[in-house]
Amino acid sequence: MRIFLLSLGTFLIFGSSIVAQEFHKGFCGATEQLNKRLLDPVFKQEFEASQELLNQAANEYKKEPMKRGVVYKIPIVFHVLHKGGIENISNEQIVDAVRILNRDFRKLNADTLGIHPAFKSLAADAEIEFVLATKAPNGKCFSGITRTLANSDTTDGFEQVKMIRNGNDVFRGEWSANKYLNVFICNDLGDGKAGYTYYPMNHIEMIYGGIWILHRFVGSFGTSSVTNSRAMTHEVGHWLNLSHVWGSTNEPGVSCGDDNVNDTPITKGWLYNCPVGPTNCTSGVVENVENYMEYSYCSKMFTLGQKARMIAALKSSVGGRNNLWTTTNLNNTGAANPQLCLVDFTSSSSVICQNETVTFNDVSYNNVTSWLWTFPDGTSSTIKSPTYTFSEPGTFTISLKVSNGTQTLSISKVFTIQKNLTLPYYEGFEKNINGPLISNWTVVNPEKNASFEVTSQAARSGVKSATLQNFGQNVKSVDELVSAPFDLTEINKDKLITLSFRYAYRKLKSTTREYLYVYLSNDCGVNWSSKLYLDGSRLSTIAEAASWKPSGALLGIESDPEWKTIHLKTIDAKYWQPGTRIKFMFKNDAVNGGNNLYLDDINLYAGSPSDSIVKLEEKDTTTASVLRHSFSTFKLFPNPVKDIVTIKNPNSNQPVEVEIADLVGKIHLVKELTSTNNEFNLSLEKLEKGTYIVVLKTGDVKEIQKIIKE
Ligand SMILES: [Zn+2]
């Protein structure tokens, strides 16, 4: 078995910063991998037997007159292995890779015009085409693309395929190499490799008979580029039994060698360089530097001889290649008769603001040829990705009907256009049930591990806060808590706007470095600017080896040292408009591991920083008068308490109703209290030990604090 490698720099035009050293680094990784596999004598035997069969087939086929007019179609499946980052490339980028393969293998590439005269008549239309499969091994209709969330950063190809086989979103199990050309799109293949594959071979576990490639070498846009886009053409050449033009090594430019193809002259091979009509090995014989199986930057052709060798491989049973293009297999894999089996679309924003223009993108499959969109204002569109502007807040329906010419499918989706929030805004998380659904906030958790959620395990005020249970998360994890839009238009421009919040956090170890960012957007979350961040010891100087939460006994005490108050004063005039949003982002320390974060008392208001909460007086929201008062409007002391607690309510001379409930909501005591100096004593003698909620009602205003009974 031979493993082929493309170095990262293979197709870099004028890659002067890419030196041969880097290329050889990739080669060394291959030798290791190859030698490891060839230590298995059974494996070695199978490899050699397969090679013999293939060479026989190729030699036999050479004798036959070159045929034209028979096109071999191969079902192809792309398996994207990703961690939710840019390596989770778009369907469009993959469809583009199929387009490039078909262009190159059918000699439809425009640059054939520039082929050196010595090879112009030898450039082959290989008459091989690639069709995205639309049926999984179990018959399930799909798009020809599977996606797998990687649970490790391994660069071991067999481990990568194991993750795909056991964790993809379409069909978990064997995707046999005699039914599909499997392409494994990865983020890292180790040792600077851009891609690799095997010659056809019997007895290798079937799914492994595919092509590994970096996402940056798939298609010509997105994370890839035109320069990188022919790496797949080269790899498929190997997969169809072509070696490099200089022979079956990974070292171009070293010694003159042959590839067992008659019309590709002996060559040393070319790394990046593209001399015109080079004659390095045989005097007067021009070498085919423009071949796809070269490492030059000007690859643009297969020869007729290479075509014959590839067709011979496709007609051979070795590696099951002769089953791929049979009518039965094309039907079974849905390559011959793609069905329209899913209608769906995505929107460019998850939270949509008033007057925001949203792009909708059809993701239906397969072979959709027409679209009919219906919008709330009665207009329609017949393109794949239309835009629509929502001018009013409210709930609206958008419908899409797709067709492949014979079948049609429809879907309707409901979109809620957020009404802008106004100032002063206060979020103590008290009105939410525990969990990740938070009113006015969107929780973003791409890794689908721990996320921001409401908890009653700790609070700086009231009985709830938002937490990220980051302890024990050992993957690179980024979590976000994103606000609904605010309308800051009415802010008197002479005034400041301040964002205040409180957080509690501990490091795991002294070396832990985690980040809490605050971002602002003035276009409803399309673009974000970082306004402040706290990291490492600026976030906390204290390390705690166990899963941490703020101490219960200190809850609600204003001087609580476990909670820090942060004021953001740089909300400038750029943000004084509708559609301004706030984002908290936490990045964990994937190396050292981290600990938990708690957020509370998020407060956005006009004016300079206040350590006390700024909010509308609940009794009088119509006049929008702002009452500035402390979180702890009323004081409880001592806390913890043994028997008599004193309640001090500085804001009211009215009668006050006190209610004491436990954490599950059972009320233990209700009492109306009056006093002239706003101070009351209450006996808690009869309560059992534990944590209780004290609710103080003055007229319509309710305030809440926790108390510990000892
Ligand atoms: Zn190669």
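As the structure is a prediction and not an experimental result, all values here were calculated from the model. (Residues numbered from 1 in each chain as written. Predicted model: local features only at pLDDT ≥ 70, side-chain atom pairs only at ≥ 80, totals over all residues.)

*Asks:* Before we go on, may I ask you to explain the overall build of the protein chain in this structure?
*Replies:* Within the protein chain one finds 10 helices and 37 strands. The buried share among the 710 residues of the protein chain stands at 41%. (Helix = DSSP H or I, 4+ residues; strand = E, 2+ residues; numbered from the N terminus. Buried ≥ 20, exposed ≤ 12 C-beta atoms within 10 Å, placed from the backbone.)

*Asks:* Hey, could you run me through helix α5 (residues 157–167) in this one?
*Replies:* Residue pairs three or four apart in sequence face the same way in an α-helix, which turns once every 3.6 residues. Every buried residue belonging to α5 is among G157, Q160, V161, M163, I164 and R165, and all of these are buried. Structurally, α5 contributes buried residues whose contacts are with β2 (72–82), β4 (145–149), β5 (181–186) and β7 (211–214). (Contact = placed C-beta atoms within 7 Å.)

*Asks:* Even after reading the chapter, I still don't get the pairing of strand β23 (residues 497–505), so can you show me in this structure?
*Replies:* For a regular strand, side chains alternate in direction, first toward one face of the sheet and then toward the other. Of all the 9 residues making up β23, 9 are buried; the element is thus mostly covered by neighbouring parts of the structure. The alternating pattern of β23 places I497, L499, F501, Y503 and Y505 on one face and T498, S500, R502 and A504 on the opposite face, and all of these are buried. Of the strand pairs in this sheet, β23 and strand β28 (residues 597–606) are connected by 8 bridges, and their pairing is antiparallel. Residue L499 lies in a different strand from β28, and its bridge partner there is L604. Sheet topology note: the β23/strand β26 (residues 564–568) ladder contains 5 bridges and is antiparallel. Bridge pairing links S500 to H567 in β26. (Pairing = 2+ DSSP bridges.)

*Asks:* Please clarify how the nonpolar core should be interpreted in this entry.
*Replies:* In globular proteins that are soluble, nonpolar side chains generally tend to be buried together. Of all hydrophobic cores here, the largest spans 73 residues; its most connected members are I76, V183, F184, I185, I213 and M232. Not counting residues up to four positions away in its chain, the partners in contact with I76 are V98, F130, V131, L132, A133, G144, Y180, L181 and V183. (Core = buried A, V, L, I, M, F, W, Y, C linked by C-beta atoms within 7 Å.)

*Asks:* Just to check I follow, could you spell out unusual backbone geometry for this structure?
*Replies:* A negative phi holds for most residues other than glycine; trans holds for most peptide bonds. With omega at 10 degrees, the peptide bond leading from Y365 into N366 counts as cis. If you trace the backbone, N366 turns up in the loop between β12 (357–362) and β13 (370–374). Of note, the amide linkage connecting L423 to P424 takes the cis form, showing an omega dihedral of -5 degrees. With a phi close to 70 degrees, C524 is a non-glycine residue in the positive phi region. Mapped onto the elements of the fold, C524 is located in the loop between β24 (515–521) and β25 (529–535). A tally of 23 C-beta atoms within 10 Å means that C524 is categorised as buried.

*Asks:* Explain the packing of helix α3 (residues 91–105) against helix α6 (residues 231–239) to me, please; I cannot follow it from the model alone.
*Replies:* Following both chains from N to C, one finds α3 and α6 inclined at 60 degrees, their axes separated by 9 Å at the closest point. Here the hand of the crossing between α3 and α6 comes out right-handed. Taking contact as the criterion, the partners of A97, I100, L101 and D104 in α3 are, on α6, M232, T233 and V236. Classifying every residue of the contact of α3 with α6 gives 5 nonpolar, 1 polar and 1 charged. (Axes fitted to C-alpha atoms, helices over the stretch in contact; angles between N-to-C directions. Left-handed = near helix turned anticlockwise from the far one by under 90°. Nonpolar A, V, L, I, M, F, W, Y, C, P; charged D, E, K, R; others polar.)

*Asks:* Would you explain the sheet that holds strand β15 (residues 387–389) in this entry?
*Replies:* Adjacent strands of a sheet pair through backbone hydrogen bonds, lying either parallel or antiparallel. The sheet built from 3 strands is open, its strands ordered β10-β12-β15 with antiparallel pairing. Two strands in the sheet have a free side with no partner beyond their single neighbour: β10 (345–347) and β15. Across the sheet, the axes of successive neighbouring strands diverge by a mean angle of 25 degrees, strand direction being ignored. When β10 meets β12, the two strands line up antiparallel, connected through 3 bridges. The partner of S347 across the bridge, within β12, is F360.

*Asks:* Mind showing me how you'd approach the environment of E430 here?
*Replies:* Turning to its location among the elements, E430 is positioned in the loop between β18 (425–427) and β19 (441–444). Since 17 C-beta atoms lie within 10 Å of it, E430 is described here as partly exposed. Sequence spacing of E430 and T455 is 25 residues, and the spatial spacing of their C-alpha atoms is 9.4 Å.

*Asks:* I tried to follow the packing of helix α2 (residues 41–63) against helix α7 (residues 304–315) on my own but got confused; where do I start?
*Replies:* Geometrically, a packed helix pair is captured by the angle between its two axes and the distance between the axes. Closest axis-to-axis distance for the α2/α7 pair is 8 Å, and the angle between their directions is 120 degrees. Overall, the two elements α2 and α7 adopt an arrangement that is oblique. The way α2 lies across α7 gives a crossing that is right-handed. Residues L54, A57, A58, Y61 and K62 of α2 form the contact with α7, whose participating residues are A308, R309, I311, A312, A313 and K315. Among the residues making up the contact of α2 with α7, the classes are represented as 8 nonpolar, no polar and 3 charged. (Parallel < 35°, antiparallel > 145°, perpendicular 65-115°, else oblique.)

*Asks:* What exactly am I supposed to notice about α3 here?
*Replies:* Helix length check: α3 (15 residues) gives 21 Å between terminal C-alpha atoms against 21 Å at 1.5 Å per residue, within 8%. Those residues of α3 lying buried are I94, A97, V98, I100, L101, D104 and F105. Viewed end-on, α3 has its buried residues packed into an arc of 160 degrees, placing them on one side of the element. (Expected span 1.5 Å × (residues − 1). Arc of directions from axis to C-beta.)

*Asks:* Would you mind showing me how to read the confidence of the model for the protein chain here?
*Replies:* The predicted structure's coordinates, where accompanied by low pLDDT, should not be read in detail. Per-residue confidence for the protein chain gives a mean pLDDT of 85; residues scoring 70 or more make up 87%. Confidence drops under pLDDT 50 across residues 1–31; counting only partners more than four residues distant or on other chains, this segment forms 71 contacts. Predicted confidence for residues 617–632 stays below pLDDT 50, and this span has 27 contacts to residues more than four positions away or in other chains. (pLDDT = per-residue confidence, 0-100.)

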